[in-house]
Amino acid sequence: MLLQLPTEKLPIQEIPINKNVKLFMKREDLIHPQISGNKYWKLFFNINNYLQKNPQIPYIITFGGAFSNHISAVSAVGNFTGIPTLGIIRGEELKDKWRDNPTLLFAKRNGMNLQFVTRKEYQYKGKLTEFLQKEFPNALIVPEGGTNEDAITGIKMMLNNETKDFDYLCTAVGTGGTIAGISKYCEENQKVIGFKVVEDDSLENKIFELTLQKNFNLIDSAFGGYGKIKDENIRFINDFKEKYGIPLEPIYTGKMMQKVFELIDKEYFPENSKVLCFHTGGLQGIEGANLLLEKQNRNLII
């Protein structure tokens, strides 16, 4: 079963901020209840192109960490299409603890097989990929985060006639696939801002290699490091949901929006600019984040 284009346009919701710029959010998180946001588009052509080749023994293999939105999405795709899936999970210590992890438990319930590797082994995903491709020659192996050429083509689908009127396009940046697609396919007059939630100095070059465009700018939005959640992040996310009715997760979109508000306060955007932020989903990660926060006796994300 192929992934389908949505039958209705995803809403672009204005965020009333009473500033000298206009702020909007495109709700890509609403595209599918389990294959959320940019993950849907990253997987769209990967999966459909693979299935159109009619593989004899279809199999999808991918990589991710303990709370990976990508692992969650790929497992849901496997369940939806009826294709067996394998997740290579970073962290051998999770082998006997996956039942306590909502993301991995969800993946298992979707039928995904989980193979746990040490963090050192995980660093060499290229070698792991070569080994897996030899063992499963008919398999589709999707890289961590889903970033490849098919993914970038899929991200193009996040842009449409309604996104052409904006001066700035904003997205959170992890592996770089989403910003590469936006950068490659946006209008010539548009500026793209990537809110980098990882500490990776090589990202700018990686994105340029994927897009061959220089219309993007990266802004550090890690707030202490990838996956780190500060009390100020929790306060912002909860206040944002209360004021605007939009839930945010703490790893990607939450940090992006917090940084966007900081930039607006610093008058980073010229007066009367129209700024569009993409909600890239991943709300399934809130449950896992709250489990960790609860253990630390900290406030939870509502």
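Residues numbered from 1 in each chain as written. Predicted model: local features only at pLDDT ≥ 70, side-chain atom pairs only at ≥ 80, totals over all residues. Heavy atoms only, no water.

A.B. asks: Is there a simple way to think about the pairing of strand β4 (residues 85-90) in this case?
C.D. replies: Put simply, side chains in a regular strand alternate between the two faces of the sheet. Counting buried positions along β4 gives five out of six residues, so the element sits mostly inside the fold. Two elements, strand β3 (residues 60-64) and β4, share five bridges in a ladder whose sense is parallel. Looking at β4, one finds that Thr62 is bridged to Gly87. Taken together, β3, helix α2 (residues 69-81) and β4 constitute a β-α-β crossover, and its handedness is right-handed. Looking at chain direction, β4 and strand β5 (residues 113-117) are connected through five bridges and run parallel. Paired with Arg90 across the two strands is Val117, which belongs to β5. Since β4 and β5 lie parallel, the crossover through helix α3 (residues 102-109) that links them has a hand, and here it is right-handed. (Buried < 20%, exposed > 50% of the residue type's maximum accessible area, 1.4 Å probe, protein only. Helix = DSSP H or I, 4+ residues; strand = E, 2+ residues; numbered from the N terminus. Pairing = 2+ DSSP bridges. Right-handed = clockwise from strand over helix to strand, strands pointing away.)

A.B. asks: Help me out: how do you make sense of the environment of Asp150 in this one?
C.D. replies: Along the polypeptide, Asp150 turns up in helix α6 (residues 149-155). For the pair Asp150 and Asn49, spaced 101 residues apart in the sequence, the C-alpha separation amounts to 8.6 Å. Beyond its immediate sequence surroundings of up to four residues, Asp150 is in contact with Phe45, Asn46 and Asn49. There is a polar contact of 3.4 Å between the side chain of Asp150 and the side chain of Asn49. (Contact = heavy atoms within 4.5 Å. Polar contact = N/O pair within 3.5 Å; in protein donor to acceptor, adjacent residues only side chain to side chain.)

A.B. asks: Sorry, what's going on with the sheet that holds β5 here?
C.D. replies: For sheets, the rule is that strands pair by backbone hydrogen bonds, running either parallel or antiparallel. Across the sheet, four strands lie side by side as β5-β4-β3-β6; this open sheet has parallel pairing. The two strands at the open ends of the sheet, each matched to only one other strand, are β5 and β6 (140-142). Taken over all neighbouring pairs, the strand axes of this sheet differ in orientation by 20 degrees on average, direction set aside. In this sheet, β6 lies alongside β3 in parallel orientation, the contact comprising three bridges. Bridging from a neighbouring strand, Ile61 pairs with Ile141 of β6. (Axes fitted to C-alpha atoms, helices over the stretch in contact; angles between N-to-C directions.)

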